[in-house]
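Residues per chain, in single letters:
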Amino acid sequence: MPPSLLIEQLLNGLQFGLMLFLLAAGLTLVFGIMDMINLAHGSLYMIGAYLTATFVGLLGNFWLAVLLAVLGTALVGMLLELSVLRQLYRRDHLSQVLATFALILIINEVVRIIWGSQPLLLSAPEGLSGPVELLPGLSYSAYRLTIIGVGLLVAALLFWLVNRTRVGMWLRAGASNREMAQAMGVPIRPLFTLLFGVGAGLCAVAGAFLGPILAVQIGMGEGILILAFVVIVIGGIGSIKGALVGALLVGTVDTAGRAFLPLLLSQVASPEVAANLGPALASILIYLLMAAVLFFRPQGLFPART
Amino acid sequence: MRWPLLLLVLFLLAFPPIASATGLEFYQGLLTKIMILALAASSLNLILGYGGMVSFGHAAYFGLGAYAVAILMREGISSGWVIWGVAVGLSALLALLIGAICLRTRGVYFIMITLAFAQMIYYLVVSFKQYGGEDGLRARRPEFGLFELTDTALYYLSLAVLAGALYLLHRLVHSRFGRVLQAIRENESRALALGYPVFHFQLVAFVLSGALAGLAGALMAHYTQYASPNLLAWQQSGHLMMMVILGGVGQFWGGVLGAATLSIVEEVLQDLTIHWQLGVGLILLFIVLFAPKGLAGLLRRRP
């Protein structure tokens, strides 16, 4: 196996992992602080991608479109929190699952009514469509490299926000003990609304940048939502650090598994079996990872609550 | 509850001849589907409602039951009884394996790990190209020896199985076993302190629930004559969970009520508009916000 292939797949894993992190970060904070299962998180990712595609069509500028889509999705997220989700904080997990599942159905249909059933076309910005040469003999997609850069930047911003600001301190306090934080005067209600806005904005970033690679279509949020849940369960619910580690683990394992497992299997089994079983095993790999992590550390790798 | 139940059973028994006389065969099919889904939802209600185990992977057993029918028929085994035995046995075995691992975790982690196992089964089954892969597999109806499995026979068969299963579940949740199961749901530490083997009680309920879901899956394969990967997908688990929550978690008739209501609402809205999912979503949302105990909770007289 040539080393350039290995590096390319590792970069792909890093790129996917960082985007997963953007999704998982909002999810894990909502989950950890509000103790709320929000299945509709993936719908915000979809809205972000749709808004980006629409604004690109209107304005012709990818970066401006992303900015507007992030703001728009954050607004949608905050409106959702104020109208529906706020009613659910004191309810049990089951009610939250049912209500947010209902939201998925509603948002999917509203998107279908506005944009139609056909997938939207969203292409990478012009200047970034080609490959760049990283090392002699190793070239890599400029667009994916940009995603890695943006992902790292947003992750750094988020860490600064959570670890170095007063709002972040409130968030961490809320994640480790909500009642105590409230008793100490943390303004929980506006904080929750703000948090939803931030989480929705992060979803929109992921949706905007993954849109050109995956597809902008109805239901795009659901598959990736499950992955984001796997990430936060591996990382430990409520922990940003855990979300990052979990996302990178899942991103790398998933990408590498898809690339290399069929190859490895073909060494030991017949080509037919390898072609059949390889992709299946690769899809299973992250769930195996999660089951293994939960088996040995039932609270995830970095539990936020003690 | 006695009289309404008796009337319902009489109505269901008398429906097929009435339907064929009045040209309403379509509704006989719908009722068959509802009864099968009611069985699956009731099996989930046993662990979710009475056991407090929120399994987000029930589609694994449901789908496995369906695939057992399709694969065995394809391999030339055509005895319905054998096929049912395999479907139920395999589902029970799978539930035993998954339950033994998952029941070590609690709360949200339990939800996620059951989901993870169901996803593994999904991808595993989809990878077998010789059994249809992502296209699913045709499932011819097997032979039951005593009768031919026509649409009407399947209707009565589903009714009989559902009635039998509900009787069993009713006896079970009101037995000592059922009481202990509910005690564990209410306060696990106390049940443990009283000396009950909590893990074993939960595991037995989990396996029983999986087995019943497998049987429902087999019936579903008879109904659609097709084993679809969708039956194994996480949306199916979500759908079953919706039915239980909609009907009433831990209410005995919750699964049946939820399955019937959701299926009928979907059917009606599908006729009205292509955007029927919007309607389903709004109704579900309304019920969560304004009827927290589900439909069975609304019907039940306040004490």
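Higher on the page you've got the structure.
Residues numbered from 1 in each chain as written. Chains lettered and ligands numbered in written order. Predicted model: local features only at pLDDT ≥ 70, side-chain atom pairs only at ≥ 80, totals over all residues. Heavy atoms only, no water.

J.: I would appreciate a short explanation of the nonpolar core in the present structure.
T.: For soluble globular proteins, the rule of thumb is that nonpolar side chains tend to be buried together. Grouped together as the largest cluster of nonpolar side chains are 217 residues, with contacts concentrated most on A:Phe21, A:Met34, A:Phe209, A:Phe229, B:Met241 and B:Leu284. A:Phe21 has contacts with A:Ala155, A:Leu158, A:Phe159, A:Ile240, A:Ala243, A:Leu244 and A:Ala247, leaving out every residue within four places of it along the chain. (Core = buried A, V, L, I, M, F, W, Y, C linked by side-chain atoms within 4.5 Å. Buried < 20%, exposed > 50% of the residue type's maximum accessible area, 1.4 Å probe, protein only. Contact = heavy atoms within 4.5 Å.)

J.: Where do I start with the packing of aromatic side chains in this structure?
T.: The geometry of an aromatic ring pair is captured by two quantities: the separation of the ring centres and the angle between the planes. Per the stated rule, a full pass over the model turns up 24 aromatic pairs over all chains. Each ring, one from A:Tyr287 and one from B:Tyr123, has its centre 6.3 Å from the other, and the planes form 25 degrees; the classification is stacked. Residue A:Tyr287 is found in helix H11 (residues 271-296), and its partner B:Tyr123 is found in helix H5 (residues 107-127); the two belong to separate chains. Between B:Phe56 and B:Trp234 the ring centres are 6.1 Å apart and the planes differ by 70 degrees, which places this aromatic pair in the edge-to-face class. (Phe/Tyr/Trp six-rings, centres within 6.5 Å; stacked < 30°, edge-to-face > 60°. Helix = DSSP H or I, 4+ residues; strand = E, 2+ residues; numbered from the N terminus.)

J.: Is there a simple way to think about empty space enclosed by the protein in this case?
T.: A probe as big as a water molecule, rolled over the atoms, marks out the empty space that is left. Counted under the stated rule, the structure contains 4 cavities of 30 Å³ or more. Taken together, 13 residues make up the lining of the largest cavity; nearest its centre are A:Ile37, A:Leu39, A:Phe229, B:Phe56 and B:Met112. Where the lining of the largest cavity is concerned, the elements lending two or more residues are helix H9 (220-235) of chain A together with H5 of chain B. Top element by residues in the lining of the largest cavity is H5(B). It accounts for 4 residues. Classifying every residue of the lining of the largest cavity by side-chain character gives 13 nonpolar, no polar and no charged. Residue lining of the second largest cavity: B:Ser42, B:Asn45, B:Leu46, B:Tyr50, B:Leu169, B:Val173 and B:Phe252, and that is the complete set. Per-element tally for the lining of the second largest cavity: the top contributor is helix H2 (residues 25-50) of chain B, with 4 residues. Of the residues belonging to the lining of the second largest cavity, the class tally is 5 nonpolar, 2 polar and no charged. (1 Å grid on protein atoms, 1.4 Å probe; cavity = no way out; pocket = protein on both sides within 12 Å on 5 of 7 lines; lining within 4 Å. Points joined across faces, edges and corners; volume = space filled by probe spheres on them. Nonpolar A, V, L, I, M, F, W, Y, C, P; charged D, E, K, R; others polar.)

J.: Would you take a moment to explain the interface of chain A and chain B for this structure?
T.: Reports often express the size of an interface as the amount of accessible area lost when the parts come together. Residue-level contacts link 42 residues of chain A with 39 residues of chain B. Summed over both sides, the interface between chain A and chain B buries roughly 3800 Å², with carbon and sulfur atoms accounting for 82% of that surface. The largest contributions to the chain A side of the interface with chain B come from A:Leu94, A:Leu98 and A:Tyr287, which together make up 17% of the buried area. For the interface between chain A and chain B, the tally reads 0 salt bridges. Across the contact surface, chain A and chain B share 5 residue pairs in polar contact (both at pLDDT 80 or more). Taken together, the elements giving at least two residues each to the side of chain A that touches chain B come down to helix H4 (93-115), H9 and H11 of chain A. No other element matches the 15 residues that H4(A) contributes to the side of chain A that touches chain B. Residue classes in the side of chain A that touches chain B are distributed as 30 nonpolar, 8 polar and 4 charged. (Buried area = accessible area lost by both parts, 1.4 Å probe. Salt bridge = Lys/Arg side-chain N within 4 Å of Asp/Glu carboxyl O. Polar contact = N/O pair within 3.5 Å; in protein donor to acceptor, adjacent residues only side chain to side chain.)

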